[in-house]
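Remarks on the overall topology
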Amino acid sequence: MQIQYIYSMKILSPQQLKAVETQTIKIQDVDLINLMERAATAVLNWLKNHMDVSKNHFTIICGVGNNGGDGLALARLLASENSHVKVYLQKNNNYSLDNLTNQKRLKDAKIPIEFYDSETKFEFQPFSIIIDAIFGYGLNRPIEQEWISIINQINQAENAVVSIDVPSGLFCDQLNSPEDAVVQSEVTLTFQTPKLALFLPENEKYVPQFEILDISLDWASMESQNADFHYFSMDQIPQFHKGRTVFSHKYEFGNVVTIGGSYGKIGAILLTTKSVLRSGAGLVTAYVPKCGCQIIQTSFPEAMVMTDFSEDKIIAFPSVDGFDTIAIGPGIGTDEKTALAFAQFLEENDLTNKKMIIDADGINLLAKNPELVNKLPEKTILTPHNKELERLVGNWNDSFEKIKKTKEFVQKNNLIVVSKGAYTQTYLPNAQIYFNSTGNPGMATAGSGDVLTGIIAGHLGKGFTAEEAALFGVFLHGFCGDEAAAQIGQESLIASDILNFIPTGMKKLFG
Ligand SMILES: NC(=O)C1=CN([C@@H]2O[C@H](COP(=O)(O)OP(=O)(O)OC[C@H]3O[C@@H](n4cnc5c(N)ncnc54)[C@H](O)[C@@H]3O)[C@@H](O)[C@H]2O)[C@@H](O)CC1
Ligand SMILES: [K+]
């Protein structure tokens, strides 16, 4: 089978989307009305995959532009599937051309349209699904005062709300102010490529989840746009598969050392070390305080163990001469002696050709002594939580400030930062930022980050570049967490489950 390699899905601005739309129309020799029909059909198909549309009632609230046009076209398609539809359209004399065309098509199909204005009181039937098609990416100012009651009625209704393309009132690439009126969707069905706003924690109440619907916009036109933000999803996976051959031996897949653990926190470095090997690396050695030796040897015989001469914490780092990949941090603690040993390690070793990942308390040790950042080998991967990241780059007031500060930090120091959370953000030194597509809230659990560190270290060992290991490691971690959640649910998911599902996840991805 010929595998089509796709490097990334670009996250485009409204202006870029408009440009892609125009180029698609030209290249594919179609009209906008055809793209609108594709969009409405994609929404219809999504609905059909999730429910029996003929047994459902839909209240479709349309605006005056092309988002509204999508809603009108959807109303016609749903009616032809014998759904019950109630169509509301904003009273106006400035409709877009294709909105007008779809109004006519509804009239021809004898589907009534009820016009609303700012005074209208909607009567939502119980259980009717509200389709929000008021504004899409064309929003260029906050929704005006007089229309706020329309949005409020949607938000206050008990009904489920599905937003088309973007929740109405939400800006695609800037933050709304908290007092703006924005539709709170259950799910947003966004066309072709996700919009930046959908990833930002500030917008969680408007977009708790989204799905991307393919409407076959011209791929080359999308690729030709300059974008700083990308979405890393299934499409990028095949290129990351580096398989084994019959003559492969363990020394080809890296020699990784994991350095961490302290009394009471040996579990963290154990999870990391196991994940390294489960990810397909050849050899792994855990470097732990003496108290960790027996624990690791007993529960994970495949690992080698070296011990510090201290019983309960690391106070001297090992020689890393024979290792190509170094993972530092899980369970290591922030004791003064450990901090000193860490500083000495970075200052006295030539790490130029080493691949390195630092997590958890390793990051806190760095933050305590910020000039140590200069001693890290290039493209060292740091995997902080927000609190740990703040210690490195300073506080931020909103997502855009976080993005700016982290981007500067990464570029200045030639590092990679994996900022963990929903849609984990990976910042590459070339200023590109990737949002991850896998994972679930059940993975916000103790030890989950330790598993991620091991997965990334394992892939570094296997010969992935730092960029590949970070992006794919984050994806795989989320993917295995999703597999685990599918089997055992999110609520009781623990980090060992993510680890135990690495084989299932890898097999599912690569066969
Ligand atoms: N991406 C694509 O290629 C396609 C997009 N389509 C749809 O087209 C939408 C974009 O359509 P439009 O550009 O017509 O824009 P919208 O339908 O989002 O908005 C309509 C118009 O309202 C005006 N407006 C903006 N902010 C306002 C405010 N606060 N109060 C009152 N009026 C305001 C603007 O002039 C804007 O053009 C997408 O979101 C999507 O739903 C599809 O129809 C077809 C293909
Ligand atoms: K919308």
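The structure displayed is predicted, hence computed values, not measured ones. (Residues numbered from 1 in each chain as written. Chains lettered and ligands numbered in written order. Predicted model: local features only at pLDDT ≥ 70, side-chain atom pairs only at ≥ 80, totals over all residues. Heavy atoms only, no water.)

Before going further, it helps to examine unusual backbone geometry. Even without a glycine there, the phi angle at Gln192 is positive, about 65 degrees. Structurally, Gln192 can be placed in the loop between β7 (187-191) and β8 (210-213). (Helix = DSSP H or I, 4+ residues; strand = E, 2+ residues; numbered from the N terminus.)

Our focus in this paragraph is the layout of surface pockets. Volume-wise, the second largest pocket comes out at about 880 Å³. For the second largest pocket, the lining is made up of 38 residues, of which Gly65, Asn66, Asn67, Gly136 and Gly138 are closest to its centre. For the lining of the second largest pocket, the elements supplying multiple residues, two or more each, are α1 (14-27), α2 (32-50), α3 (66-79) and α5 (148-156). A total of four residues in the lining of the second largest pocket trace back to one element, the largest contributor, which is α2. (1 Å grid on protein atoms, 1.4 Å probe; cavity = no way out; pocket = protein on both sides within 12 Å on 5 of 7 lines; lining within 4 Å. Points joined across faces, edges and corners; volume = space filled by probe spheres on them.)

Another aspect to go through is the UniProt feature "binding site: K(+)" (unreviewed entry) in the protein. Residues given the UniProt feature "binding site: K(+)" (unreviewed entry) here are Asn67, Asp132 and Ser168. On the basis of their most widely separated C-alpha atoms, the annotated residues across 102 residues gather in one place, lying no more than 9.2 Å apart. As for the annotated residues, the ones lining the second largest pocket are Asn67. Along the chain, Asn67 falls in helix α3. Looking at Asn67, the relative accessible area reads 8%, which means it is buried. Looking at the secondary structure, you find Ser168 in the loop between β6 (161-164) and β7. Owing to a relative accessible area of 0%, Ser168 belongs among the buried residues under this scheme. Not counting the four nearest positions on each side in its chain, Ser168 is found in contact with Asp132, Ala133, Ile134, Phe135, Ile143, Ser163, Ala181, Val182 and Val183. A distance of 2.3 Å separates polar atoms of two side chains, one belonging to Ser168 and the other to Asp132. (UniProt positions renumbered as here; feature names shortened; annotations may be inferred. Buried < 20%, exposed > 50% of the residue type's maximum accessible area, 1.4 Å probe, protein only. Contact = heavy atoms within 4.5 Å. Polar contact = N/O pair within 3.5 Å; in protein donor to acceptor, adjacent residues only side chain to side chain.)

A separate point is the site of ligand 1. Around ligand 1, the structure places 22 residues, and the nearest of them are Asn67, Asp70, Gly136, Arg141 and Asp165. Measuring from a nitrogen atom of ligand 1, one finds a backbone N or O atom of Arg141 at 2.7 Å. With the chains in place, 86% of the 860 Å² that ligand 1 exposes on its own is no longer accessible. Its atoms largely coinciding with the cavity grid, ligand 1 occupies the second largest pocket. Among the secondary structure elements, those contributing two or more residues to the shell around ligand 1 are α1, α2 and α3. With three residues, α3 is the largest single contributor of residues to the shell around ligand 1. Each residue belonging to the shell around ligand 1 can be placed in one class, and the counts come to ten nonpolar, six polar and six charged. (Near = heavy atom within 4 Å. Areas by Shrake-Rupley, 256 points an atom, 1.4 Å probe, with all protein chains shown as cover. Sits in = over half its atoms within 2 Å of the grid points. Nonpolar A, V, L, I, M, F, W, Y, C, P; charged D, E, K, R; others polar.)

Strand order in the open sheet formed by seven strands is β4-β3-β2-β5-β6-β7-β8, and the pairing between neighbours is parallel. Among the strands making up the open sheet, the edge pair consists of β4 (113-116) and β8. When the angles between neighbouring strand axes are averaged without regard to direction, this sheet yields 20 degrees. Its contacts with the sheet put α3 on β2 (57-62), β3 (84-90), β4, β5 (129-133), β6 and β7, and the angle it makes with β2 is roughly 155 degrees. (Pairing = 2+ DSSP bridges. Axes fitted to C-alpha atoms, helices over the stretch in contact; angles between N-to-C directions.)

With that settled, consider the confidence of the model for the protein. Caution applies to low-pLDDT parts of the model: their predicted coordinates are not meant to be read in detail. Considering every residue of the protein, the mean pLDDT works out to 94; 95% of them sit at 70 or more. Confidence drops under a pLDDT of 50 for residues 1-7, and excluding neighbours within four residues, the segment shows nine contacts in the predicted structure. (pLDDT = per-residue confidence, 0-100.)

Our next topic: the nonpolar core. Judged by nonpolar contacts, the single largest core of 96 residues is most densely connected at Leu74, Ile328, Leu366 and Leu382. Among the elements that line this core, the one with the most residues is α2, at eight residues. When we break this core down by domain, the ones giving at least three residues each are domain 1 (20-218) and domain 2 (250-510). Counting 49 residues, the second largest nonpolar core, distinct from the first, contains Ala281, Ala303, Leu460 and Met506. (Core = buried A, V, L, I, M, F, W, Y, C linked by side-chain atoms within 4.5 Å. Domains from an automatic or database assignment.)

Turning next to the domain arrangement of the protein. According to the domain assignment, the protein consists of domain 1 (20-218) and domain 2 (250-510). Inter-centroid distance (C-alpha atoms) of domain 1 to domain 2 is 42 Å. Contact with domain 1, which involves ten residues of that partner, is made by five residues of domain 2. In this assembly, domain 1 packs against domain 2 so that about 740 Å² is buried in total across both faces, 73% of it on carbon and sulfur atoms. Where domain 1 meets domain 2, there are zero salt bridges. Along the lines of polarity and charge, the residues of the side of domain 1 that touches domain 2 split into seven nonpolar, one polar and two charged. (Buried area = accessible area lost by both parts, 1.4 Å probe. Salt bridge = Lys/Arg side-chain N within 4 Å of Asp/Glu carboxyl O.)

In this section: the coordination of the potassium ion (ligand 2). Listed as protein donors to the potassium ion (ligand 2) are Asn67 (OD1), Asp132 (O), Phe135 (O), Ile164 (O), Val166 (O) and Ser168 (OG); their distances from the metal cover 2.6 to 3.1 Å. For the potassium ion (ligand 2), the six donor atoms in the first shell make angles of 68 to 174 degrees at the metal, a pattern classed as irregular. In primary sequence terms, the donor set of the potassium ion (ligand 2) follows N-x64-D-x2-F-x28-I-x1-V-x1-S. Of this pair, Asp132 sits in strand β5 while Ile164 sits in strand β6, placing them 32 residues apart in sequence. The class for Asp132 is buried, based on a relative accessible area of 0%. Residue classification places Ile164 among the buried residues on the basis of a relative accessible area of 1%. (Donors = N, O, S within 2.8 Å, 3.2 Å for Na, K, Ca; no water. Tetrahedral: all angles 85-135°; square planar, octahedral: opposite > 155°, others 65-115°.)

Taking strand neighbours across the sheet as the criterion, the eleven strands line up as β1-β9-β18-β17-β16-β15-β14-β13-β10-β11-β12 in an open arrangement whose pairing is mixed. One side of each edge strand has no neighbouring strand; the edge strands of this open sheet are β1 (9-10) and β12 (304-307). Of the strands in this sheet, β10 (255-259), β13 (325-328), β14 (355-359), β15 (381-383) and β16 (416-419) touch helix α13 (residues 448-461), which is tilted by about 175 degrees from β14.

This part covers the pattern of salt bridges. Across all of its chains, the model carries 20 salt bridges by this definition. With its nearest N and O atoms 2.8 Å apart, the salt bridge here joins Glu37 to Arg76. Of this pair, Glu37 sits in helix α2 while Arg76 sits in helix α3, and the two are 39 residues apart along the sequence. Exposure remark for Arg76: the relative accessible area of 16% places this residue in the buried category. Between Asp117 and Lys91 there is a salt bridge whose closest N-O contact spans 3.8 Å.

Take the side chain of Asp218 next. Looking at where Asp218 falls in the secondary structure, it is placed in the loop between β8 and α6 (219-223). Buried within the structure, Asp218 lacks any salt-bridge partner; Arg38 is the closest side chain of opposite charge, at an N-O distance of 8.9 Å. Looking at Asp218, its side chain comes within polar contact range of the side chain of Ser221, at 2.5 Å. Beyond its immediate stretch of four places on either side in the chain, Asp218 contacts Val20, Thr24, Ile27 and Gln28. (Lys, Arg positive; Asp, Glu negative; His and termini not counted.)

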